[in-house]
Amino acid sequence: MMVTVKLFNQLQRFAPAGQGVFEERLPSGASLNDLLRQLKIPATVPRTTLVNGRRVADDAQLAANDEIVLMSPIEGG
Amino acid sequence: MYGWRGKILRVDLTAGTCTSADLDPEVAKAYVGGRGLGIYFLRREADPLVDPLSAANPLIMATGPLTGTGAPTGARYMVMTKSPLTGAITCSNAGGRFPTEFKRTGYDAIIVTGRAATPVYLYLDPELAELRPADHLWGTDTHQTTDRLLAETDAKARVACIGPAGERGVRFAAIMNDKHRAAGRSGVGAVMGSKRLKAVVVRGRGRIPLARPERFKAFNKEILDIFRAGVKETPLGLTINGTAGVVMATQNFGVLPTKNWQQGTFDGWEKIHGEELTRRFLLKNAACYSCPIGCGRRTRVDAAPYAGEGEGPEYETIYAMGSNCMVDDLAAITKANYICNEMGMDTITMGATIACAMELVERGYLSEDRVGRPLAWGDADALVALTRMTASREGIGDLLAEGSYRLADHCGHPELAMVSKKQEFPGYEPRGSQAMGLAYATSPIGGSHMRGDPAYFELFGVPQAMDPLQWEGKAKVTKAFQDLSALIDAAGLCIFFAVRNLAAKDLDVAPVGILEYLNAATGADYSLAELRTAGERIINAERLFLTQMGFSRKDDSLPDRLTTAPAPTGPAKGLVCQLDKMLDEYYQAQGWSADGIPTAERLAELGLT
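A. Main features of the packing of aromatic side chains. All names here are of chain B. Counted by the stated rule, this structure contains 20 aromatic pairs over all chains. Centroid distance W261 to Y319: 5.7 Å. Interplanar angle 80 degrees. Geometry classified as edge-to-face. Separated by 58 residues along the polypeptide, W261 in the loop between helix 9 (246-253) and helix 10 (269-272) and Y319 in helix 12 (residues 315-321) bring together distant segments of the chain. Measuring from centroid to centroid gives 5.8 Å for Y586 and W592, while their planes differ by 80 degrees, and the two rings are edge-to-face. For the pair Y586 and W592, a shared accessibility class is recorded, and that class is buried. Taken together, the aromatic side chains of W261, Y319, F425 and Y440 make up a single cluster linked through ring pairs. Here the basic side chain of K7 rests over the ring of Y107, its NZ or CZ set 4.4 Å away from the ring centre. Sitting over the face of the ring of Y123, R132 holds its NZ or CZ atom 4.3 Å from the ring centroid.

Quick look at the structure:
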């Protein structure tokens, strides 16, 4: 299945082709953890993760056409 | 006293006198300082029904016991008065260097009453407090005023002043200190202007005496070591892109207010994001006294027509003047920000009022003839021009200077003002950030993120992450976060450091780090329970004063747009803010009646009458 991945700030360095926004192929039924492994993003890298705009746990199952946003923690205002 | 200086300066502008009074140690312990001392003195000095722009409205400036001590971000002061924008209280907060210098004069707070016959400024050092003529400064902007006062007093002094906007009674005029830092909200600058007080100049001396300096130093090292190890591993977003970096988060959460709050996503967001600000305009970071973060932005725009140099913009400015007006020109936003700083105006209310005017024009409720120029969504030139006209109350600027509520009401459509208690919101859409809606509605100053900021737990995941789209369970945690914020404001700290580094994940025991600092600084031996109660006392004292002004549940409101019109885009698509349901639980958590009035029993528990 194909999903859309958006990597922002310090997470962009894990983009396979250098572009922060890309399509990624995953096995059907893959989880967020599977995607993180595929992109070689270590568990120790701080991030905020959204799937279709919702914050989810790393073992959440993904579906085709999901949009996954990974961004460095930010605060302020 | 330690931590506190133990003295209050009373300035009677009508009589032209300055007198020193002692700070009661019991009052200091019960109200901590800053925002707490502010509401304590405001309740004593002000009739709740006082006209905000009359001589009888007191203006209070107060530091906290950690201001100037060297505690990280212990750099802040609070301005409390009755607001000409909202008719409620203000508690407008600023950092920079002025608050520390103020405290080094030996005073914890200044209480200004009356009105001067002609413009004056206050000069204060440890030996001298006097009012001096300021006719020569009246009409000059905040930068010119600061430069001239430093030249004629002491180059090492620090200045807080108003600009032309405050002199002309712009209802959201700010008090600017160190040129670029703003006690920005609710029109505190208009109150200062109504008193003909142009500036406060402070020149201090020495260090703030601490009760347990060794303990303070050891704890400070412990906290800073942890902080520095953390940022070595992962540099802080706030340091890299300033608060402007938040644009990316709010866009992706679908809570970036756009088109006068009609939606929570903006197609042009990447052009106004913090990374763009860093790449195009950043000269260097700016930091307040004793701050290890440095979120301030020293910036310069080289190209005409928006060339200029100064500080900003912050995230809130970028939302208000950018996405909310559908302006994606970061140079224009930055220029309008500079104008606000120089004229002394709040960027949030300014931008939100222009966005409101754009919608009024689009819907045919305000003519472009009346505006005096075309005013379509996204018009960057209009943003800059109307900001200038507002500061001078020229043409349509005279109406914009009243803020969005009075503008929309004048046009027969008050429902198009995106306000609570007549104050414009900061940049987080409550349909996609439910607790934020509750915090806006219950903030004592109207629309605000700084009197309890649920964006921390809903969007930023600090101290722990909660789903922003869920309303269930948010009332209790919002109340706890407001209590924590009251303590941060009272201590003289900055929320940007304190929430992540000095608070426990469990909000029930949140202020543990603040407790350590306060006890080492003051020797007051607060227990955790006493300190938490002090936070609740501040919130309830403010609420009590508001109820005496006539505020109740009917005023803890949001515009219908946010509670009845489903969000059209983003993760919150189809949702409204469930304010009423959260309010019921919130009042229960506070121990207030169903109408939002503190009960006699609750007030007695907190020692309030």
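Let us keep going from here.
B. Representation of the interface of chain A and chain B within the structure. Facing 19 residues of chain A, the contacting portion of chain B comprises 35 residues. The junction of chain A with chain B conceals about 2100 Å² of combined surface from both sides, 56% of it contributed by carbon and sulfur atoms. Looking at the side of chain A facing chain B, the largest losses of area belong to R55, I74 and E75 of chain A, adding up to 36% of the total buried there. Note that E75 of chain A is salt-bridged to R500 of chain B, the shortest N-O span being 2.4 Å. Our enumeration of links across chain A and chain B arrives at six residue pairs in polar contact (both at pLDDT 80 or more).

C. Here's a closer look at the side chain of D108 of chain B. Residue and element names in this part refer to chain B. Looking at the element boundaries, D108 is found in the loop between helix 3 (98-104) and strand 6 (109-113). As a buried residue without a salt bridge, D108 has its nearest oppositely charged side chain in K103, at a separation of 5.1 Å. Engagement of the side chain of D108 in a polar contact is seen with the backbone nitrogen of G6, the distance being 2.6 Å. Among all residues touching D108, those that are not within four sequence positions of it are W4, R5, G6, K7, L23, L37, M61, A62, T63, F102 and K103.

D. Layout of the state of the cysteines. Residues and elements named next belong to chain B. Counting across every chain of the model gives zero disulfides over all chains. With no disulfide of its own, C291 lies 6.1 Å from the sulfur of C288, the closest cysteine sulfur. Considering cysteine sulfurs only, C356 is the nearest to C325, which forms no disulfide, with 10 Å between them.

Definitions and limits used
- Residues numbered from 1 in each chain as written.
- Chains lettered and ligands numbered in written order.
- Predicted model: local features only at pLDDT ≥ 70, side-chain atom pairs only at ≥ 80, totals over all residues.
- Heavy atoms only, no water.
- Phe/Tyr/Trp six-rings, centres within 6.5 Å; stacked < 30°, edge-to-face > 60°.
- Helix = DSSP H or I, 4+ residues; strand = E, 2+ residues; numbered from the N terminus.
- Buried < 20%, exposed > 50% of the residue type's maximum accessible area, 1.4 Å probe, protein only.
- Lys NZ or Arg CZ within 6 Å of the ring centre and 35° of its normal.
- Contact = heavy atoms within 4.5 Å.
- Buried area = accessible area lost by both parts, 1.4 Å probe.
- Salt bridge = Lys/Arg side-chain N within 4 Å of Asp/Glu carboxyl O.
- Polar contact = N/O pair within 3.5 Å; in protein donor to acceptor, adjacent residues only side chain to side chain.
- Lys, Arg positive; Asp, Glu negative; His and termini not counted.
- Disulfide = S-S within 2.5 Å.

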